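Observations on the model geometry
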Amino acid sequence: MPEHVLAAGYSTTGWVVGYTIGIIVVLVVVALVVPILLLARSIGNEATKINDALTDAVHNTATIIIGGLQRGRARLGG
């Protein structure tokens with residue numbers, strides 16, 4: 001009698017196929033999620049650099065605008 005047939009006459013082939021399909025599905029999901037997580041990590045690391053650059057740009061822009069306003073006021077005699 002084959003190994004996959006139990007003494008009561010029930011086959012375990014369905015369970016084996018089900019577990020195999022389940023494991024394959026889990027591996028496919030992991031294979032798809034891991035690159036997404038790595039990309040998200042990379043974006044997160046770059047976001048800090050981008051935010052710092054934008055903060056510097058805001059400061060530099062404000063400095064230039066204030067300097068222009070002060071020059072304009074001085075020319076107008078204020």
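For the structure itself, consult the block above.
Residues numbered from 1 in each chain as written. Predicted model: local features only at pLDDT ≥ 70, side-chain atom pairs only at ≥ 80, totals over all residues. Heavy atoms only, no water.

1. Some thoughts on the overall build of the protein
A count of helices and strands for the protein gives one helix and zero strands. With the model as given, the accessible surface of the protein reaches about 7,000 Å², and the carbon-plus-sulfur share is 71%. (Helix = DSSP H or I, 4+ residues; strand = E, 2+ residues; numbered from the N terminus. Areas by Shrake-Rupley, 256 points an atom, 1.4 Å probe, with all protein chains shown as cover.)

2. Here's the deal with the pattern of salt bridges
If you walk through the whole model with that rule in mind, you get one salt bridge. Lys49 is the partner of Glu46 in a salt bridge, and the nearest nitrogen-oxygen pair spans 3.4 Å. Of the two residues, Glu46 and Lys49 are both situated in helix α1 (residues 13-76); the distance of three residues between them amounts to about one turn of the helix. Residue Glu46 is classed as partly exposed on the basis of its relative accessible area of 38%. With a relative accessible area of 55%, Lys49 lands in the exposed category. (Salt bridge = Lys/Arg side-chain N within 4 Å of Asp/Glu carboxyl O. Buried < 20%, exposed > 50% of the residue type's maximum accessible area, 1.4 Å probe, protein only.)

3. Brief notes about a nonpolar patch on the surface
A cluster of nonpolar side chains, Val17, Ile21, Ile24, Val25, Val28, Val29, Leu32, Val33 and Leu37, forms an exposed patch at the surface whose accessible area comes to about 780 Å². Inspection of the secondary structure puts Leu37 in helix α1. A relative accessible area of 55% means that Leu37 is categorised as exposed. (Patch = residues over 30% accessible without salt bridge, like charges linked within 9 Å, V, L, I, M, F, W, Y side chains within 5 Å.)

4. Digging into α1
In a regular helix each residue adds 1.5 Å, so 64 residues correspond to 94 Å; α1 covers 92 Å between its end C-alpha atoms and thus fits that length. Within two residues after α1, Gly77 carries a phi angle of roughly 90°, on the positive side. (Expected span 1.5 Å × (residues − 1).)

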